Structures are given as C-alpha cells and as structure tokens.
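Take a look at the letters that make up each chain.
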Amino acid sequence: MMRMVLPILFSLCPLPALAWEAGRIGAVCTLTSQSGDMALTHDPAGPVFSITVTRGEPWPEAALFGIAFLGGDALTITTDRHIRSDDGLSITVTDRGFGNVLAGMARNATATAFAGQVSLTVSLAGAAPEVAIFAACEAPPTA
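First, a word on what this report is: a plain description of the structure on this page.

**As for the environment of isoleucine 133**
Okay, step 1: Assignment of secondary structure puts isoleucine 133 in helix α3 (residues 127–136).
Okay, step 2: By relative accessible area, which is 48% here, isoleucine 133 ends up partly exposed.
Okay, step 3: Taking the C-alpha atoms as reference, isoleucine 133 lies 9.2 Å from glutamate 21; in sequence the two are 112 residues apart.

Okay, here's the thing in structure tokens:
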C-alpha cells in the first residue's frame, strides 16, 4: 500500500521552477534566467552569440563591462565592446564565440556582471544542463 501512496504524494508536491531555460525562437537558440536578468542568444547561421544583462536601474556608462563567475572554476571576462540599451537598463555583448562564458556558467555557482562601480549577481543554480542544451543548439533543418 505504501508503494502506491508515496508516488501519488510526490506527484502532488510542487516542483521547483527551473532557474534557467534553454529554448529557441525561430532559428535562434536562447538561454534565459528565470528572473529574466540574464539572457543569451545564438544564431547558428552567423554564428553570432549575445549576452544581455538587465537591472532594475540603469547601468552606468563604463569603459569596461565584465562578468565574474565564482563558486567552482572561477573565471572573469571583461570587454570594451558592450552596448547599453537606450534606457540604460541592459548591457549586451555580441561575439562569434562564447566558449568562456558557457564554461563559466556551467561550472560555477554565480555570475556577477559589473560595469563601473555597479554589479548584479545572478545565481547559476541549475544552469549547467540548460547550458549544455544551448551549446548543442544548431540551426533547424530546412525543408
């Protein structure tokens, strides 16, 4: 009897929401945090990758933008090729390869984006499996 009751009880328990989700919008591969503060895209036709980090308040204008991955295989990446959105709430970096970014996301506990004296820390809990799906995403077959 207990063998029948336990699966029913577990099926009624709410499951935690995924903190990260890999997907696709048309031909473009996506990877987004549940909170929406970090989003990556990959257009396999390019190939072009982008990462956008969004805050509730504007990012300052800064010569460098970076992301520090901590809590595993620590890594810090910086660039001067970032673009602020018109409202200043988002910073986007676009490049032809994101190997270091994806490795940092898969192997660490947090990612702290920074520009000037402002930073935003994002949890990477649950990111690794979704990063693997995103990294394997290819252009959909054409008919």
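**Some points on the nonpolar core**
Okay, step 1: In terms of nonpolar packing, the biggest core is built from 29 residues, with Met38, Leu40, Ile51, Phe65 and Met105 touching the most fellow members.
Okay, step 2: Not counting the four nearest positions on each side in its chain, leucine 40 is found in contact with Cys29, Thr30, Leu31, Ser50, Ile51, Phe98, Val101, Leu102, Met105 and Phe134.

**Digging into α3**
Okay, step 1: Looking only at α3, the buried set comprises Ala127, Glu130, Val131 and Phe134. End-on, the buried residues of α3 take up no more than an arc of 105°, which puts them together on one face. Residues of α3 that are exposed and angled more than 90 degrees away from the buried face: Pro129 and Ala136.
Okay, step 2: The secondary structure elements touched by the buried residues of α3 are β1 (20–25), β2 (28–33), β3 (38–43), β4 (48–54) and α2 (99–107).

**Things to note about the sheet that holds β3**
Okay, step 1: The strand order across the open sheet built from 6 strands is β1-β2-β3-β4-β8-β7, with neighbouring strands paired in antiparallel fashion. At either end of the open sheet lies a strand with only one pairing partner, and these are β1 and β7 (82–84). Going across the sheet, the axis of each strand differs from the next one's by a mean of 20°, ignoring polarity.
Okay, step 2: Relative to β4, β3 runs antiparallel, the two sharing 6 bridges. Bridged to histidine 42 within β4 is phenylalanine 49.
Okay, step 3: Against the sheet, α2 engages β1, β2, β3 and β4, with an angle of about 135° to β3.
Okay, step 4: Against the sheet, α3 touches β1, β2, β3 and β4, its axis set at about 20° to β1.

Calculation criteria
Residues numbered from 1 in each chain as written. Predicted model: local features only at pLDDT ≥ 70, side-chain atom pairs only at ≥ 80, totals over all residues. Heavy atoms only, no water. Helix = DSSP H or I, 4+ residues; strand = E, 2+ residues; numbered from the N terminus. Buried < 20%, exposed > 50% of the residue type's maximum accessible area, 1.4 Å probe, protein only. Core = buried A, V, L, I, M, F, W, Y, C linked by side-chain atoms within 4.5 Å. Contact = heavy atoms within 4.5 Å. Arc of directions from axis to C-beta. Pairing = 2+ DSSP bridges. Axes fitted to C-alpha atoms, helices over the stretch in contact; angles between N-to-C directions.

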